[in-house]
Amino acid sequence: MTMRASRATMPLAMGPAPSRPAPLILSPTIAASIDSRRSITGDVNQETDMALEQACVQAMPKPWGSTDLLPWSAIEPDGAAIGELWFQRRDMHATEPALLLKLLFTQEALSIQVHPDDAFAQALGLARGKTEAWYILAATPDAMVGVGLKAPCTAVELRAAITDGSITELVQWRRACKGDVIFVPAGTIHAIGPGLVLAEIQQRSDTTFRLFDHGRQRELHIEHGVAAAHPGPAELQAPARHLGNGRTLLVASPHFVLERFDLASGSAWNLSATRETWLVVIAGAASLGSFPVGIGQGCFIEADSVRIEAGRDGLTCLVAYDAASPCPDLLHDVSARDARAPGDAVSQPPLPLPALAGPSNPFTEARA
């Protein structure tokens, strides 16, 4: 499993890693079924943690966000626009995850920005950089994203374009459509426009350098941004690839693998996660072990397995895990040997949570 870098002491201008909210209070029967931590070795001096948890969700207010999160969440923003929903572990004492799974809701354009790679971040005293990938869940007809630049430029040219605002003309803009998968390696200059709902998987880092902010009068991070950027076109992205058993590989990077599962109505499966794994439902419903999940709900699993029973409308979910290549033994069809009739999982609305204040510092999650 990928080694977790310890959190270093950070300069005052830098923020901490994404904060964890207090866990939801669950009924004892559900809580017992979704959080299991125990030894799986015979050596009493060596314990391996196993985890299966229904993820809790942290709402992040953003000025560019939305007050209507349906059908993805039943959280009521109370007038505050919610830009992001962060999926978090319930176990507050667990090792910090390497990955962060989010849903983003954009009613206005976000800043043009860039994230550092691991080496640059560690030179600043941070644990890791930030590579990410997006899956477009919904898009208005005119929704756009920017990924990379139209052509290479020098650091001098990039600095000048940031200073005079012409960087908007250098960015390679493209229309965003439902189902698009967009890989954004660290160092890639990028932007997200209005009219989008997207799922994002990323290295667990908040470090972002703003290059252009649409006149919002917030600080730009010109020197850090120029130093971190690879000012040119985005890397060519490998196309999605079917892996069998309802699995589609969307992205395989040195930092994570992102897949989509499309599971037929009533089918039964065993998900075996040897590594940190996140799952979020984007269509249909299912039961994961003993608890139901519907659209916008997810779970965390590590060094454990869980039975998945797709509901009557089937199940489509995104699954991201801490690996550099697809796991061949991740999912097994157990329908044929299932003596029970196929389950009919019922979609359960996401549990409402209060909006929690997000981190606030110049370089932190500059999508604010």
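So, here's what we can say about the structure. Note that the structure is predicted; figures quoted are calculated from it, not measured.

1. Considerations on the side chain of glutamate 200
Here's step 1: One can find glutamate 200 in strand β11 (residues 196-203).
Here's step 2: One polar contact links glutamate 200 to tryptophan 134, side chain to side chain, over a distance of 3.3 Å.

2. A few points about the pairing of strand β15 (residues 257-263)
Here's step 1: Counting buried positions along β15 yields six of seven residues, so the element is predominantly enclosed.
Here's step 2: Pairing geometry for strand β14 (residues 247-252) and β15, over five bridges, is antiparallel. Bridge pairing links threonine 248 to arginine 260 in β15.
Here's step 3: In this antiparallel pair of consecutive strands, β14 and β15, the connection spans four residues.
Here's step 4: Of the strand pairs in this sheet, β15 and strand β20 (residues 304-321) are connected by seven bridges, and their pairing is antiparallel.

3. A word on the packing of aromatic side chains
We describe a pair of aromatic rings using the distance from one ring centre to the other and the angle between the two ring planes.
Here's step 1: Taken as a whole and judged by the stated rule, the model has three aromatic pairs.
Here's step 2: Plain terms: the ring middles of phenylalanine 120 and phenylalanine 209 are 6.0 Å apart, the flat faces sit at 70° to each other, and that makes the pair edge-to-face. With phenylalanine 120 in helix α2 (residues 118-123) and phenylalanine 209 in strand β12 (residues 209-212), this residue pair connects regions lying 89 residues apart in the sequence. Considered together, phenylalanine 120 and phenylalanine 209 belong to a single accessibility category, that of buried residues.
Here's step 3: Centre to centre, the rings of tryptophan 278 and phenylalanine 300 are 4.9 Å apart; their planes meet at 65°, and the pair counts as edge-to-face. On the criterion of sequence distance, the pair formed by tryptophan 278 in strand β17 (residues 277-288) and phenylalanine 300 in strand β19 (residues 298-302) is long-range, its members being 22 residues apart.

4. Digging into the sheet that holds strand β4 (residues 99-106)
Here's step 1: The antiparallel open sheet is built from six strands, whose spatial order is β2-β3-β4-β11-β6-β9. At either end of the open sheet lies a strand with only one pairing partner, and these are β2 (56-66) and β9 (181-184). Between one strand axis and the next, the sheet turns by 20° as a mean value, whatever way the strands run.
Here's step 2: Here eight bridges tie β4 to β11, and the two strands are oriented antiparallel to one another. What sits directly across from threonine 106, in β11, is leucine 196.

5. Structural notes on the pairing of strand β6 (residues 132-139)
Note on strand geometry: in a regular strand, side chains alternate between the two faces of the sheet.
Here's step 1: Where burial is concerned, most of β6 is hidden: six out of the eight residues are buried.
Here's step 2: Sheet analysis places β6 next to β9, joined by four bridges and oriented antiparallel. Bridged to tryptophan 134 within β9 is isoleucine 182.
Here's step 3: With seven bridges connecting them, β6 and β11 associate as antiparallel partners. Residue pairing for β11: tyrosine 135 is matched across the bridge by alanine 199.

6. Comments concerning the environment of threonine 188
Here's step 1: As for its position among the elements, threonine 188 is in the loop between β9 and β10 (190-192).
Here's step 2: Linking threonine 188 and valine 147, residues 41 residues apart in sequence, is a C-alpha distance of 6.9 Å.
Here's step 3: Apart from the residues within four sequence positions on either side, threonine 188 is in contact with Gln113, Val114, Val147, Gly148 and Ala234.
Here's step 4: Reaching out from threonine 188, the side chain makes a polar contact with the backbone oxygen of proline 185 at a distance of 2.9 Å.

Basis of the calculations
Residues numbered from 1 in each chain as written. Predicted model: local features only at pLDDT ≥ 70, side-chain atom pairs only at ≥ 80, totals over all residues. Heavy atoms only, no water. Helix = DSSP H or I, 4+ residues; strand = E, 2+ residues; numbered from the N terminus. Polar contact = N/O pair within 3.5 Å; in protein donor to acceptor, adjacent residues only side chain to side chain. Buried < 20%, exposed > 50% of the residue type's maximum accessible area, 1.4 Å probe, protein only. Pairing = 2+ DSSP bridges. Phe/Tyr/Trp six-rings, centres within 6.5 Å; stacked < 30°, edge-to-face > 60°. Axes fitted to C-alpha atoms, helices over the stretch in contact; angles between N-to-C directions. Contact = heavy atoms within 4.5 Å.

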